[in-house]
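Breakdown of the fold
This is what each chain is made of:
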Amino acid sequence: MTTTIGQESAKSVESVEARLLRVRGGNRLRGEARISGAKNAALKALAATLLTADEVVLNSVPMIADVLSMAELLRAFGAEVEIDRERKRVTVRAVAITRTTAPEHLFRPTRASVVAAGPMLARCGEVSFALPGGDRIGKRPIDLHLRGFERMGAEVRITGDSVVARAAALQGARIYMDYPSHTGTENLLMAATLASGRTVIANASAEPEVVWLGNLLNRMGARIAGLGSPYITIEGVDRLHGVAETVLPDRLEAGTFAIAAAMTGGDVTLRNVREADMLPLSEKLREAGAEIWYWDDLMMIRPGTKLRAVDIQTLPFPGFPTDLQAQFVALLTQAEGVSRVHERVYEDRLRYANELRKLGADIRIERYGAHGERLSTTAEVVGPARLTGAHVQALDIRAGTSLVLAGLVADGEVAIGDAYHIDRGYEDFVAKLARLGADLDDPGPPAPA
Ligand code: EPU
């Protein structure tokens, strides 16, 4: 089925909003699951389609709410977007950009929408948008994006919470990022592909999704070197052309399922996994006592020894991903001993610990560094804790899945409110878990209008 999207995604988001997800614990996960394309790569690839008037075909695109919102944003700018849900294919033709102001209702709710700014500025010399929102996990400013645009010759004006950026022609520049921002690097990388001359981004992000996006842009005719290192060099070109590409596997989805398997003592094989992207998680899961094997694109999680406490700190790749911190804490509630978890990317990303506590988890939070802009928070997790059913709230995508994972080992029923957060980031999460033997209610796809 091929559909252009419009009201469809708004309707589906609305119908899951009221959703209460119920999980009953006690089952070991067993079997196979196929990992979808990565949300955090697909969203940027969609933004990259604005850089060319040619057709771009993306395969293995996860059919999730955030992707549908991004597709709507592209349409608002004037692009034609076709979505083939069965084939998981999105085709975009941004032949003409008909407007440069992002509609607020499309731009603000999803943080990733900010990566449309760089391509729009490069292609049209102008973009205006409302400061983006996204999950409530910390301050999440975009100063590094905007400063980079300015270094490339753009004039950036912020009035209230709206931003206007203009540049008659972007110039290559030397840009130093105070912090290796993931979307910041992507935004500047995309803008620089069509700038005149050479851009060097120092202290660039080396996240796998950034490397993948850079390679996609090179396949569209860009000249980018140094991907995966802290220095990325971009030689600007006059135009980019169309491409057909498959989105890389979602390491965060794979990680979430791997943690779920390990904490239930399960025996699970995940397909469509890239071992190198999983390194930080594999190391920590093994240290905690899980058995992990890789073969080709398979990741196998087998029952290991009793889980034991380990310490983690979240850092930019190849550090431990902040996007798997909440799920790993769910596992640590079941590990013997005291684990310390340092969240060093987002100052508010341990708020969900209160929800885990309602289930009986023993977690203490310390905050320090209050004089700096960036607060580092540390959780001390004492395990193993007996978790029991309760009503809890999903605060964001990853915190939501952490509660589901806790539900898999809880006595009784865990009812998770605002479960729509999970649909923003995971394709068929509930159905995939159910196929692995988890006992949870799948509210099913939204009813047709
Ligand atoms: N930061 C700044 N200034 C900026 C940009 C970032 O100070 O201009 C700070 C942030 O406040 C934060 C830190 O830098 O403390 C990290 O932010 P980063 O820019 O790297 O994150 P992001 O690009 O906004 C992406 C992912 C997140 C993921 C992070 C870290 C997308 C759409 N989002 O966010 O994914 O946690 O990188 O890898 O790619 C998720 O998928 O659930 C999610 C939140």
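Basis of the calculations
- Here the residue numbers are simple positions, counted from 1 along each chain's written sequence.
- Reporting of local features is limited, given that this is a predicted model, to residues whose pLDDT is at least 70; pairs of side-chain atoms are given and counted only at 80 or more, and all residues count toward the totals for whole chains, interfaces and linings.
- To get the side-chain values, take all heavy atoms of the structure and skip hydrogens and water.
- Burial here depends on accessible area, computed with a 1.4 Å probe over protein chains only, as a share of the maximum for the residue type. Under 20% is buried, over 50% is exposed, and the range in between is partly exposed.
- Helix and strand definitions here come from DSSP, where helices need a minimum of 4 consecutive H or I residues and strands a minimum of 2 consecutive E residues; each element is numbered from the N-terminal end.
- The criterion for strand pairing is that DSSP finds at least two bridges linking the strands in question.
- Confidence scores labelled pLDDT are given residue by residue by the predictor and lie between 0 and 100.
- Contacts are assigned to residue pairs that have any heavy atoms within 4.5 Å of one another.
- The working definition used for a salt bridge is a side-chain nitrogen of Lys or Arg within 4 Å of a carboxyl oxygen of Asp or Glu.
- We call a residue near a given molecule or strand whenever any one of its heavy atoms falls within 4 Å of it.
- Within 3.5 Å is the distance limit for a polar contact, defined as a pair of N or O atoms, with the added protein rule that one can donate a hydrogen and the other accept it, and that residues adjacent in sequence qualify only through two side-chain atoms.
- Using the Shrake-Rupley algorithm and a 1.4 Å probe, accessible areas are obtained, with residue cover drawn only from the displayed protein chains.
- Between rings of Phe, Tyr and Trp, where Trp is taken as its six-membered ring, a pair exists when centres lie within 6.5 Å; planes separated by under 30 degrees are stacked, by over 60 edge-to-face, and by other angles tilted.

Here we take up the pairing of strand E6 (residues 89-93). In terms of burial, E6 is a largely internal element, four of the five residues being buried. Sheet topology note: the strand E4 (residues 55-59)/E6 ladder contains four bridges and is antiparallel. Residue valine 57 lies in a different strand from E6, and its bridge partner there is threonine 91. Two strands pair when backbone bridges link them, and strand E5 (residues 80-84) and E6 are joined in this way by five bridges, in the antiparallel orientation. Residue isoleucine 83 lies in a different strand from E6, and its bridge partner there is valine 90. In this antiparallel pair of consecutive strands, E5 and E6, the connection spans four residues, and lysine 88 shows a positive phi of 55°.

A few words on the confidence of the model for the protein. Here the protein shows a mean pLDDT of 91. Residues at 70 or above account for 90%. pLDDT under 50 marks residues 445-449. Its contacts with residues more than four places away, or in other chains, come to three contacts.

Scanning all chains against the criterion turns up 33 salt bridges. One salt bridge connects aspartate 84 with arginine 87, and the closest N-O pair in it is separated by 2.9 Å. Classification of aspartate 84 by relative accessible area gives buried; the value is 8%. Classification of arginine 87 by relative accessible area gives exposed; the value is 54%. Here lysine 306 and glutamate 336 are joined by a salt bridge, their closest N and O atoms 3.5 Å apart. Separated by 30 residues along the polypeptide, lysine 306 in the loop between strand E17 (298-302) and strand E18 (312-313) and glutamate 336 in the loop between helix H11 (325-332) and strand E19 (337-343) bring together distant segments of the chain. Accessibility expressed as a relative area gives 63% for lysine 306, which makes it exposed. The partly exposed category is assigned to glutamate 336, whose relative accessible area is 43%.

Next up on the list: the site of the ligand. Close contacts around the ligand come from 23 residues, with Asp143, Ser181, Thr183, Asp323 and Val345 the closest. Aspartate 143 is positioned with one of its side-chain polar atoms (N or O) 2.7 Å from a nitrogen atom of the ligand. Separating an oxygen atom of the ligand from a side-chain N or O atom of threonine 183 is a distance of 2.5 Å. Within the complex, 94% of the 820 Å² of free accessible area of the ligand lies under protein. Elements supplying a minimum of two residues to the shell around the ligand: helix H2 (39-48), helix H6 (143-151) and helix H7 (182-193).

With respect to the helices and strands, alanine 399 occurs in helix H13 (residues 397-408). Sequence separation between alanine 399 and isoleucine 301 is 98 residues; the distance between their C-alpha atoms is 22 Å. Here alanine 399 is in contact with Ala326 and Tyr352, once residues within four sequence places are set aside.

It is worth spelling out the packing of aromatic side chains at this point. Enumeration according to the criterion identifies three aromatic pairs in this entry. Look at phenylalanine 257 and phenylalanine 429: their rings are 5.5 Å apart centre to centre, the planes differ by 55°, and that puts the pair in the tilted class. Of the two residues, phenylalanine 257 is situated in helix H9 (residues 251-263) and phenylalanine 429 in helix H15 (residues 429-435); the sequence distance between them amounts to 172 residues. The burial state of phenylalanine 257 is the same as that of phenylalanine 429; both residues are buried. The interplanar angle of 65° and the centroid separation of 5.3 Å between the aromatic rings of phenylalanine 320 and phenylalanine 328 together place this pair among those described as edge-to-face. Comparing phenylalanine 320 with phenylalanine 328, the two get one shared label, buried.

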